[in-house]
Amino acid sequence: MAKIFVARALPGDAIERLRAAGHEVTVHGGSMPPTREELTAGVADADGLLSLLTDRVDGELLDSAPQLRAVANLAVGCDNIDLAAAAERGVPVGVAAHVLTDATADLTMALLLAAARNISQGERDAREGRWKTWEPEGWLGLELRGAKLLIIGRGRIGQAVAERATPFGLQISFTGRDDDLHAALAEADIVTLHCPLNEQTRHLIDDAALAAMKPTALLINTTRGGVVDQTALIKALQAGTIAGAALDVTDPEPPPADDPIYDAPNCLIVPHIGSATATTRAAMGNCAADNLIAALAGEPMPTPAPAPPSA
Ligand code: DGY
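Note that this is a predicted model, so its numbers are computed, not measured. (Residues numbered from 1 in each chain as written. Predicted model: local features only at pLDDT ≥ 70, side-chain atom pairs only at ≥ 80, totals over all residues. Heavy atoms only, no water.)

Here we look at the overall build of the protein
- From N to C terminus, the protein includes 11 helices and 11 strands.
- What you see for the protein is a C-alpha radius of gyration of 21 Å, in line with the 19 Å of a compact globule of 311 residues.
- Taken over the C-alpha atoms alone, the protein extends approximately 70 × 45 × 35 Å along its principal axes.
- Relative to its 311 residues, the protein shows a buried fraction of 49%.
- Looking at the protein alone, contacts between residues at least 24 apart form 61% of all its contacts between residues at least 6 apart.
- Approximately 14,800 Å² of the protein is accessible, and the part contributed by carbon and sulfur atoms is 54%.
- Charge centroids of the protein, computed over 24 positive and 40 negative side chains, lie 4 Å from each other. (Helix = DSSP H or I, 4+ residues; strand = E, 2+ residues; numbered from the N terminus. Rg over C-alpha atoms; globule rule 2.2 N^0.38 Å. Buried < 20%, exposed > 50% of the residue type's maximum accessible area, 1.4 Å probe, protein only. Contact = heavy atoms within 4.5 Å. Areas by Shrake-Rupley, 256 points an atom, 1.4 Å probe, with all protein chains shown as cover. Lys, Arg positive; Asp, Glu negative; His and termini not counted. Charge placed at Lys NZ, Arg CZ, Asp CG, Glu CD.)

Notes on the sheet that holds strand β4 (residues 70-73)
- Spatial ordering of the open sheet is given by β2-β1-β3-β4-β5, a layout of five strands whose pairing is parallel. Each end of this open sheet is capped by a strand with a single partner; those strands are β2 (24-27) and β5 (93-94).
- Of the pairings in the sheet, the one linking strand β1 (residues 3-6) to strand β3 (residues 48-51) comprises three bridges and is parallel in character. Bridging across to β3, V6 finds its partner in L50.
- Relative to β1, helix α2 (residues 36-43) is tilted by about 165°, and along the sheet it contacts β1 and β3.
- Lying over the sheet, helix α11 (residues 278-296) contacts β1, β3, β4 and β5, oriented at roughly 170° with respect to β4. (Pairing = 2+ DSSP bridges. Axes fitted to C-alpha atoms, helices over the stretch in contact; angles between N-to-C directions.)

Focus: the side chain of T175
- Of note, T175 is situated in strand β7 (residues 171-175).
- If sequence neighbours within four positions are ignored, T175 has contacts with L150, I151, I152, G153, R154, L181 and A184.

Brief notes about the pattern of salt bridges
- Summed over all chains, the structure comprises 18 salt bridges.
- Where R130 meets D125, a salt bridge forms, and the shortest distance between an N and an O atom there is 2.5 Å.
- The exposure class assigned to R130 is partly exposed, which follows from its relative accessible area of 38%.
- Among the charged side chains, a salt-bridge network with shared partners connects R36, R56, D58 and E60. (Salt bridge = Lys/Arg side-chain N within 4 Å of Asp/Glu carboxyl O.)

Some thoughts on the layout of surface pockets
- By volume, the second largest pocket is sized at about 270 Å³.
- Together, 20 residues line the second largest pocket, and A114, A115, N118, L218 and N266 are the ones closest to its centre.
- At the level of secondary structure, the elements contributing two or more residues to the lining of the second largest pocket comprise α5 (101-116), α6 (119-127), β10 (244-247) and β11 (267-269).
- Tallying contributions element by element places α6 first for the lining of the second largest pocket, with four residues.
- When the residues that make up the lining of the second largest pocket are grouped by side-chain class, the tally is 12 nonpolar, seven polar and one charged. (1 Å grid on protein atoms, 1.4 Å probe; cavity = no way out; pocket = protein on both sides within 12 Å on 5 of 7 lines; lining within 4 Å. Points joined across faces, edges and corners; volume = space filled by probe spheres on them. Nonpolar A, V, L, I, M, F, W, Y, C, P; charged D, E, K, R; others polar.)

Structural notes on α11
- The terminal C-alpha atoms of α11 lie 27 Å apart, and with 19 residues this matches the ideal 27 Å at 1.5 Å per residue to within 8%.
- Of the residues one or two after α11, G298 is the one with positive phi, at around 80°. (Expected span 1.5 Å × (residues − 1).)

Following this line, the structure appears as structure tokens:
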């Protein structure tokens, strides 16, 4: 029997699976993440940690958990975990890969359609008395057929977005690590981000990248807020350097109430819900449970995190 600390209550039957595998499971209660102190106390005598993207797992935390033998993140992204520190201490890390591809690609399309057709502004206008008549020139959006969609990142979610965007008649191109990003941005009508957040991609979309985009272009972000320099994005939206943005992710999350991102023009924001379907969240829990059960039995995790850059 191993002791497992789970950083939040989870949908689905992940906790039951861990218990059925014979483990003693402690679940952090409440709807907010554990504080640093609570997380440190939670892992102090734990063999396994089921972490969320809101939990920072670094060398200091790992050093406060001398028995820890496995970390399973309830996310495909693992920028909240210092993978090198875990590798140095021999602690395997797992991610919820594969299972959230469809849900995240679906939400990307929802944001893309909403941004292209002014859904958020239109909804506010309809409710707040600004819908006076059918306006031949009102709420004009972007025709998708023939528009150029640039997908940044060649992984599973980007591919799934391409699969969904194809029937809309979008002209799709991908760009990755070795391509000329600014040249690709200059051609695109819609840019959607699907690369992980790491040292190479932090602020990939900065002042210069935004300046390279068309003034009519839209930016969609369902990966991590840190891939975009949010100050630069706010400036670009205010100046009309680009036409709009739709964000599932921000930096930080959530933005504080007085963050200027809320007042940026043509900026739709939703609260990091890319994977938020009941089916996907249950599957993510199962994936994390399977990673812990395997690692605690001394077996390889079914869906390990990528190797740290230096490994
Ligand atoms: C992930 O898994 O990285 C997602 O952002 C969670 O929705």
